[in-house]
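# Residue-level structural notes
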Amino acid sequence: MDEIAQLLIERECGRLPLLFAKYADNGDHAALAALFTQDCEFARPFQPDHPFFGRDRVQAIFRDRPPILVRHIVTNVLVEVVSETEARGTNYLAMLSSHASTVPPQPSGALYVGGFEDHYVKTSDGWQFKSRYGRVVLHQGGPMPNIPAPTDEARGVI
């Protein structure tokens, strides 16, 4: 593969974490879900041991959560091209949110810092997440949220 082709893959895949953050912050769950393959795997940073399976399950996570004012800050996006149809990547993520109101400005709760390990594949719809596994590694200003484990049915485990 030539350098230009590799750079184009890196660019396209490197946009996916940024678009994920934009759509999550703006509440556009349909656009967020479209970043994933139909048979994807996704583990939220707060629940890395409970992945969800399938694009419809990913959409449901964001569609069904209570309204939230949130901002994800994505940095250190690194994409490693495996082939013309596959790449892997990592990125760091900082998240601040307010559950009090969705009208800015609002005071935020704790600061959570972590990241994602991503697997990208080229599909007929362009580059998409095949898998996305997140993890929180640092937090400041409050405890880790106590989110009940999702059911196997909610996660798409059959």
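Everything below is about the structure printed above this text.
To keep things clear, this report deals only with the structure shown in the data block. (Residues numbered from 1 in each chain as written. Predicted model: local features only at pLDDT ≥ 70, side-chain atom pairs only at ≥ 80, totals over all residues. Heavy atoms only, no water.)

## Here's the deal with the nonpolar core
Counting 27 residues, the largest nonpolar core has F20, L32, L35, F36, F42, F62 and Y120 as its most contacted members. Every element with two or more residues in this core is listed here: α1 (3-26), α2 (29-33), β1 (36-43), α3 (55-63), β3 (69-83), β4 (86-98), β5 (111-123) and β6 (126-140). The residues touching F20, leaving out its near neighbours within four places in the chain, are L32, L35, F36, F42, F62, F116, F129 and R132. Counting residues in hydrophobic clusters, the runner-up holds 6 residues, among them I68, M95, A110 and V136. (Core = buried A, V, L, I, M, F, W, Y, C linked by side-chain atoms within 4.5 Å. Buried < 20%, exposed > 50% of the residue type's maximum accessible area, 1.4 Å probe, protein only. Helix = DSSP H or I, 4+ residues; strand = E, 2+ residues; numbered from the N terminus. Contact = heavy atoms within 4.5 Å.)

## Considerations on the side chain of T37
Following the sequence through the fold, T37 ends up in strand β1. Setting aside anything within four residues of it in sequence, one finds T37 in contact with R55, V121, T123, Q128, F129 and K130.

## Here we look at the side chain of S97
With respect to the helices, strands and loops of the structure, S97 is situated in strand β4. For S97, a relative accessible area of 10% translates into the label buried. Contact partners of S97, with chain neighbours within four places excluded, come to I68, L69, V70, P107, S108 and G109.

## Digging into the pairing of β4
In terms of strand pairing, β3 meets β4 through 12 bridges, oriented antiparallel. Across the sheet, R71 pairs through a bridge with L96, a residue of β4. Hairpin connection between β3 and β4: a loop of 2 residues separates the two successive antiparallel strands. Where β4 and β5 come together, 10 bridges link them in antiparallel fashion. Each residue of the ladder has a partner; that of G89, found in β5, is D118. (Pairing = 2+ DSSP bridges.)

## Notes on α1
With 24 residues, α1 should reach 34 Å at 1.5 Å per residue; the first-to-last C-alpha distance of 35 Å fits that figure. For α1, the set of buried residues is I9, C13, G14, L16, P17, L19, F20, A21, Y23, A24 and D25. The N-cap residue of α1 is D2: its side-chain oxygen and the backbone nitrogen of I4 are 3.2 Å apart. Looking one or two residues beyond α1, the residue adopting positive phi is G27, at roughly 70°. (Expected span 1.5 Å × (residues − 1). Polar contact = N/O pair within 3.5 Å; in protein donor to acceptor, adjacent residues only side chain to side chain.)

## Concerning a nonpolar patch on the surface
A contiguous nonpolar surface patch, about 310 Å² in accessible area, is contributed by I4, L7 and L8. With respect to the helices, strands and loops of the structure, I4 is situated in helix α1. The class of I4 is exposed, set by a relative accessible area of 56%. (Patch = residues over 30% accessible without salt bridge, like charges linked within 9 Å, V, L, I, M, F, W, Y side chains within 5 Å. Areas by Shrake-Rupley, 256 points an atom, 1.4 Å probe, with all protein chains shown as cover. Salt bridge = Lys/Arg side-chain N within 4 Å of Asp/Glu carboxyl O.)

## Notes on the packing of aromatic side chains
Applying the stated criterion to the full structure yields 11 aromatic pairs. Relative to F116, the ring of F20 has its centre 5.8 Å away and its plane inclined at 65°; by these criteria the two rings are edge-to-face. Of this pair, F20 sits in helix α1 while F116 sits in strand β5, placing them 96 residues apart in sequence. The residues F20 and F116 share a single accessibility class, namely buried. Both rings, one in F42 and one in F116, keep their centres 6.2 Å apart while their planes meet at 20°; by these two values the pair is stacked. Residue F42 is found in strand β1, and its partner F116 is found in strand β5; the two are separated by 74 residues along the sequence. As far as burial versus exposure is concerned, F42 and F116 are alike and both buried. (Phe/Tyr/Trp six-rings, centres within 6.5 Å; stacked < 30°, edge-to-face > 60°.)

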